[in-house]
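Descriptive structure summary
Listed below, chain by chain, are the residues.
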Amino acid sequence: MTSAFFEDPQIHRDGRDDGTPEDFRDEPLTGELDLADRQALRRVAGLSTELADITEVEYRTLRLERVVLVGVWTEGTAQQAESSLRELAALAETAGSQVLEGLIQRRSKPDVATYIGSGKTAELAEIVRATGADTVICDGELSPSQLRHLEEIVKVKVIDRTALILDIFAQHARSREGKAQVELAQLEYLLPRLRGWGGNLSRQVGGRAAGGVGIGGRGPGETKIELDRRRIRARMAKLRRQIAEMAKTRETMRSNRRRNRIPSVAIAGYTNAGKSSLLNRLTGAGVLVEDALFATLDPTVRRAQTPSGRPFTLADTVGFVRHLPHQLVEAFRSTLEEVTQADLILHVVDGSDAEPEAQIDAVRQVLREIGADRVPELVVINKADAADPLTLARLRRREPGSVVVSARTGAGIEELMAAIEAELPEVGREVRVVLPYERGDLVARIHELGEVFSQEHTAEGTRLHARVPAALAAELDRYVAAEAL
């Protein structure tokens, strides 16, 4: 087992400063107020969580968890394995934990019983006792049996990467929709891992055998754990209905923007790449900015203009990460539709990260999962002020057409706006045509791709007044109505 000990609990992450630009500091903004509210309650180290001393109760907040990280290196290089564990450390710190030590074991695949093997698990138990840790976090998604067996050996709480990310989402969700999406993802994760402690959750309830009702009345009834599962499924069904209703409202807003022919641009990228800072720089939105993973979850849509004055909308979306839990992808699908239905994706990359190429690949994998890989993409390499010039040059060779910016200093923003204007779909043409009835295919395409102002069926054919893309307008030139000539 290779040990990668984190000497400083606050692991330094170079170039992770997403600070709000100076231009936006004249008065408190929404993001600054959100940040102050988030920091108003912090976990306190050194205070007992037991109620032995009643005088502590008034002043005690949640205990700062002391954690040991465990990873299994199955593929790639040692540097990549350590980078993944450092990202897990950053996630743990974002959740409010103190990282004591990080451990990596080289294996062909994780152990099916205890993730790192029974012998190494005993060594982990010794490390937990020596450091005084109260939690073990595994860099992967563990099965219910792996969690149970590992906890039985190390004698402390064990969670995996998925549970950690879900906990961060639960802390940072602000809107009603975001809270419902996170709760649904947590319940989906919990359902197969539900288990009882002791015999009290296995007691049978609901049977009438004890009532002396005789033949036909005996039966075990419903066990406590089955009752818990049924309640969780009922709650999940209710949450799905609520999210579906809220998705209708979001779709109505998108329909209004499409009706007004306003192009939409979605900002996507790895978590803590500077998406919210870029949105603030481009629009002055004032959304929350924090040097933390998944600082903002709720999508924010703001209006912006190209250098020529053409309006478009900018939508800030939830950040992605390696091995993003599929429960979150499904639960946040209605929110991620902002990306799938956009006219352009600004793929923001942290140029100061040690492995920006890995971040790009992880984001594109999620985009493929949600069906957004067909949307035009403009790669924006952010944090140029903190990045290595050699790394920037390597990224520009890998991603032709990319733009290098610094949301903090404003460098490259003009070039970015020009690139956005060049990538936006062309403005449609307004046409007045009379289509023969045998050209119903053109009528269908006008309704699908354009905006119909009026339609009338006459003896000559279908008379339409609409705005359509330039390519379709060229096909319709031969059918232009006489009064439009």
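Preceding block: the structure.
**Considering the overall build of the protein**
- Helix and strand counts for the protein come out as 15 helices and 16 strands.
- Here the analysis covers contacts within the protein between residues at least 6 apart in sequence; of these, 69% occur between residues at least 24 apart.
- Of the roughly 24100 Å² of accessible surface on the protein, a fraction of 50% belongs to carbon and sulfur atoms.

**Comments concerning the sheet that holds strand β9 (residues 300-305)**
- Strand order in this open sheet of 6 strands is β9-β10-β8-β11-β12-β13, and the pairing throughout is mixed. Taken across any chain shown, the strands that pair with only one partner, and hence form the sheet edges, are β9 and β13 (403-404).
- The sheet contact formed by strand β8 (residues 264-269) and strand β10 (residues 311-316) spans 4 bridges and is parallel. Note that in β10 the partner of Ile267 across the bridge is Asp316.
- The strands that helix α8 (residues 275-283) touches are β8, β9, β10, β11 (344-350) and β12 (377-382); relative to β10, the one it contacts most, it runs at about 155°.
- On top of the sheet, helix α11 (residues 356-369) reaches β8, β11 and β12; it is set at about 150° to β11, its chief contact.

**Observations concerning empty space enclosed by the protein**
- Following the criterion strictly, the structure yields 2 cavities of 30 Å³ or more and no others.
- In this model, the second largest cavity occupies a volume close to 40 Å³.
- Lining the second largest cavity are Phe169, Val318, Leu324, Leu328, Val329, Phe332 and Leu336.
- A breakdown of the residues in the lining of the second largest cavity according to their chemical character gives 7 nonpolar, no polar and no charged.

**Notes on the nonpolar core**
- Counting 76 residues, the largest nonpolar core has Leu69, Leu124, Val136, Val158, Phe320, Leu328 and Leu367 as its most contacted members.
- For Leu328, the residues in contact, after removing those within four places along its chain, are Ile165, Leu166, Phe169 and Ala185.

**A closer look at the pairing of β11**
- Burial within β11 is extensive, with 7 of its 7 residues counted as buried.
- Burial along β11 is two-sided: the residues Leu344, Leu346, Val348 and Asp350 and Ile345, His347 and Val349 are all buried.
- In the sheet, β8 pairs with β11 via 5 bridges, with the strands oriented parallel. By the bridge assignment, Gly269 is partnered in β11 with Val348.

**Here's the deal with the packing of α8 against helix α13 (residues 413-423)**
- Relative to each other, α8 and α13 sit at 85°, their axes nearing to 11 Å. When the interaxial angle is binned, α8 and α13 end up roughly perpendicular. Across the interface between the two elements, Leu278, Arg281 and Leu282 of α8 pack against Ile413, Leu416 and Met417 of α13.
- Partitioned by chemical class, the residues of the contact of α8 with α13 number 5 nonpolar, no polar and 1 charged.

**With respect to the layout of surface pockets**
- Volume-wise, the largest pocket comes out at about 910 Å³.
- Along its surface, the largest pocket is lined by 33 residues, and Glu75, Ser84, Asp139, Arg322 and His323 are the ones closest to its centre.
- Among the secondary structure elements, those contributing two or more residues to the lining of the largest pocket are β2 (66-73), α2 (78-94), α5 (161-172) and α11.
- Split by residue class, the lining of the largest pocket holds 13 nonpolar, 11 polar and 9 charged.

**Quick look at helix α14 (residues 440-449)**
- If you check which residues of α14 are buried, you get Leu442, Val443 and Ile446. Summarising the axial view, the buried residues of α14 lie within an arc of 105°, below the 170-degree limit, and thus occupy one face.
- Contacts made by the buried residues of α14 are with β14 (429-435), β15 (451-457), β16 (462-468) and α15 (470-476).

**Some thoughts on the sheet that holds β14**
- The antiparallel open sheet is built from 3 strands, whose spatial order is β14-β16-β15. Two strands in the sheet have a free side with no partner beyond their single neighbour: β14 and β15. Ignoring strand direction, the axes of neighbouring strands in this sheet form an average angle of 10°.
- Where β15 and β16 come together, 6 bridges link them in antiparallel fashion. Following the sheet pairing, Gln455 is matched in β16 by Leu464.

**Thoughts on the pattern of salt bridges**
- Taken as a whole, this structure holds 18 salt bridges when the rule is applied.
- Of the charged contacts, one joins Glu188 and Arg240 as a salt bridge, the two residues approaching to 3.0 Å between their closest N and O atoms. Of this pair, Glu188 sits in helix α6 (residues 176-190) while Arg240 sits in helix α7 (residues 224-259), and the two are 52 residues apart along the sequence.
- Classification of Arg240 as partly exposed rests on a relative accessible area of 41%.
- Through salt bridges with shared partners, a single network forms among Asp361, Arg364, Glu377, Arg398 and Glu399.

**Considerations on the environment of Asp353**
- In this fold, Asp353 is placed in the loop between β11 and α11.
- Since its relative accessible area comes to 13%, Asp353 is described here as buried.
- Spatially, the C-alpha atom of Asp353 lies 7.7 Å from that of Ala387, the residues being 34 residues apart in sequence.
- At 2.8 Å, the side chain of Asp353 forms a polar contact with the backbone nitrogen of Glu355.

Parameters at a glance
- Residues numbered from 1 in each chain as written.
- Predicted model: local features only at pLDDT ≥ 70, side-chain atom pairs only at ≥ 80, totals over all residues.
- Heavy atoms only, no water.
- Helix = DSSP H or I, 4+ residues; strand = E, 2+ residues; numbered from the N terminus.
- Contact = heavy atoms within 4.5 Å.
- Areas by Shrake-Rupley, 256 points an atom, 1.4 Å probe, with all protein chains shown as cover.
- Pairing = 2+ DSSP bridges.
- Axes fitted to C-alpha atoms, helices over the stretch in contact; angles between N-to-C directions.
- 1 Å grid on protein atoms, 1.4 Å probe; cavity = no way out; pocket = protein on both sides within 12 Å on 5 of 7 lines; lining within 4 Å.
- Points joined across faces, edges and corners; volume = space filled by probe spheres on them.
- Nonpolar A, V, L, I, M, F, W, Y, C, P; charged D, E, K, R; others polar.
- Core = buried A, V, L, I, M, F, W, Y, C linked by side-chain atoms within 4.5 Å.
- Buried < 20%, exposed > 50% of the residue type's maximum accessible area, 1.4 Å probe, protein only.
- Parallel < 35°, antiparallel > 145°, perpendicular 65-115°, else oblique.
- Arc of directions from axis to C-beta.
- Salt bridge = Lys/Arg side-chain N within 4 Å of Asp/Glu carboxyl O.
- Polar contact = N/O pair within 3.5 Å; in protein donor to acceptor, adjacent residues only side chain to side chain.

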